Amino acid sequence: MLPVGPLMVEHRLIERMIALLGREAKRIRATGKADTDFVLAGIEFIRLYADRSHHGKEEEILFRELKTKPLSAKHRLVLEELEAEHVQGRKAVARLATVRERVIKGEAAAIRDLAALLEDLAKFYPAHIEKEDRDFFLPCMDYFTEDERARLLEEEETFDRNLLTAHFEGLLDAREGKPLAAAAPVELEGAAATRYGCMACGYIYDPRMGDAAQHIPPGTPFDQLPDEWICPHCHVTRKMFIPQGGIRP
Ligand SMILES: [Fe+2]
Ligand SMILES: [Fe+2]
């Protein structure tokens, strides 16, 4: 199998979830009501399967190796577009999570925003996938030798194995209240040291420790967490966090 084989199989699953989210948008427009449980299932699918596993393998394995090759001008341009689209996709899912929380809080305008965001996603993903499937993945295989292709495929398998274990290990550690980082804590001063608590589940983000499960190194202040960072315990967005009034006891 070619190293793009598993990626193309994953595209088919992503298309199915995106089609269901598009159908949910239509239902919201028709009824004025949202199935927020299903939207959460969609958000979790996109975050773990599409963003971390699928886009992770593209960016950290396939794209990384392609960048070492003498790419044609066209392929280099498409590669840059695809990377920018991945960033756009991660931001879109962070917005979706925020709007879903506004719907749950009962904000009247949020239901229309939710439908609009789902409609955007339903357009964005199929276009991105088509660009990869049609113009990029198969022609790009010509840059690799047989041995290189076999190594890429092996690396993809290891990537997924490690990701799955790290993901669920992170969830269990958070639920058991274990410190997330094996690395030593980094001391911080002033506002950067402020801990933030999740209003939904009570999890406390401690900037001295970071969040190993989401690759946040110790010493990362709350306001420097990426937009797509979520509560490792209950998966709400960072907007649901409030400052805890300072330094760790
Ligand atoms: Fe992609
Ligand atoms: Fe893809």
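Here, residues in each chain are numbered from 1, in the same order as that chain's written sequence. Think of it this way: whatever chain is written first is A, whatever ligand is written first is 1, and the rest follow in order. At least 70 in pLDDT is required for a residue's local features to be given in this predicted model, at least 80 for side-chain atom pairs to be given and counted, and no such filter applies to totals for whole chains, interfaces and linings, which use all residues.

Looking now at helix 1 (residues 4–31). Its 28 residues place the ends of helix 1 40 Å apart at the C-alpha level, agreeing with the 40 Å of an ideal helix rising 1.5 Å per residue. Three exposure classes are used, based on other C-beta atoms lying within 10 Å of a residue's own C-beta, which is placed from the backbone: buried for 20 or more, exposed for 12 or fewer, and partly exposed in between. Helix and strand labels come from DSSP, where a helix needs a run of H or I of at least four residues and a strand needs a run of E of at least two; each type is numbered from the N terminus. Listed as buried for helix 1 are Val4, Leu7, His11, Ile18, Leu21, Ala25 and Ile28. Looking one or two residues past helix 1, Gly32 carries a phi angle of roughly 75°, positive in sign. Any helix carries an expected span of 1.5 Å times its number of residues minus one.

To describe two helices that pack against each other, one gives the angle between their axes and the distance between the axes. Helix axes are fitted to C-alpha atoms over the stretch in contact, other axes to C-alpha atoms as well, and angles between N-to-C directions run from 0 to 180 degrees. Between helix 1 and helix 2 (residues 36–66), whose axes approach to 11 Å, the crossing angle comes to 155°. By the angle class used here, helix 1 and helix 2 are roughly antiparallel. Crossing handedness for the pair helix 1 and helix 2: left-handed. Along its contact with helix 1, which presents Leu7, Glu10, Leu13, Ile14, Met17, Leu21 and Glu24, the element helix 2 presents Phe38, Val39, Gly42, Phe45, Tyr49, Ala50, His54, Lys57 and Glu58. In the scheme used here, Gly and all other residues not listed as nonpolar or charged are polar, with Ala, Val, Leu, Ile, Met, Phe, Trp, Tyr, Cys and Pro taken as nonpolar and Asp, Glu, Lys and Arg as charged. Of the residues belonging to the contact of helix 1 with helix 2, the class tally is 10 nonpolar, two polar and four charged. By the definition adopted for this analysis, an angle is roughly parallel if under 35 degrees, roughly antiparallel if over 145, roughly perpendicular if from 65 to 115, and oblique otherwise. Here is the rule for handedness: rotate from the far helix to the near one, and if that takes an anticlockwise turn smaller than a right angle the crossing is left-handed, while a clockwise turn gives right-handed. Whether two residues are in contact depends on their C-beta atoms, placed from the backbone: they are in contact if these lie within 7 Å.

Along the chain, Phe63 falls in helix 2. Residue classification places Phe63 among the partly exposed residues on the basis of 17 C-beta atoms within 10 Å. Distance from Phe63 to Val4, taken between C-alpha atoms, is 11 Å for residues 59 residues apart in sequence. Look past the residues within four positions of Phe63 in its chain and what remains in contact with it is Glu58, Leu79 and Glu83.

This brings us to the sheet that holds strand 1 (residues 196–198). Strands are labelled as partners when DSSP assigns at least two bridges between them. If you walk across this open sheet you meet the three strands as 2-1-3, and the pairing is antiparallel. If you trace the sheet from one side to the other, it starts and ends with strand 2 (204–205) and strand 3 (241–243), each paired once. Two elements, strand 1 and strand 2, share two bridges in a ladder whose sense is antiparallel. Directly across from Gly197, in strand 2, lies its bridge partner Ile204.

Here we come to the nonpolar core. Inside soluble globular proteins, nonpolar side chains tend to come together where they are buried. Counting 31 residues, the largest nonpolar core has Leu114 and Leu118 as its most contacted members. Of all the secondary structure elements, the ones that give two or more residues to this core are helix 1, helix 2, helix 3 (73–104), helix 4 (110–140) and strand 1. The dominant element in this core, judged by the number of residues it contributes, is helix 4, at seven residues. Each domain span listed reflects an automatic or database assignment of domains. Two domains share this core, each providing at least three of its residues, namely domain 1 (4–169) and domain 2 (190–243). Apart from residues lying up to four places away in sequence, Leu114 is in contact with Ile28, Ala34, Val99, Arg100 and Val103. When buried Ala, Val, Leu, Ile, Met, Phe, Trp, Tyr and Cys residues are joined through C-beta atoms within 7 Å, the set is termed a nonpolar core.

So, on to the domain arrangement of the chain. By a frequent convention, interface size equals the accessible area lost on bringing the separate parts together. Taken domain by domain, the chain comprises domain 1 (4–169) and domain 2 (190–243). Each of domain 1 and domain 2 has a C-alpha centre, and the two are 24 Å apart. Contacts between the two partners involve nine residues from domain 1, matched on the other side by nine residues from domain 2. For the side of domain 1 that touches domain 2, a count of residues per class yields four nonpolar, one polar and four charged.

Right, let's get into the packing of helix 3 against helix 4. Where helix 3 contacts helix 4, the axes come no closer than 10 Å and their chain directions differ by 160°. When the axes of helix 3 and helix 4 are compared, the pair comes out roughly antiparallel. The way helix 3 lies across helix 4 gives a crossing that is left-handed. Class assignment of the residues belonging to the contact of helix 3 with helix 4 gives a composition of 14 nonpolar, three polar and nine charged.

We now examine the environment of Leu153. As for its position among the elements, Leu153 is in helix 5 (residues 146–176). Here the alpha-carbon distance between Leu153 and Pro6, two residues 147 residues apart in the chain, equals 8.4 Å. With residues up to four places along the chain from it excluded, the contact list for Leu153 reads Met1 and Pro3.

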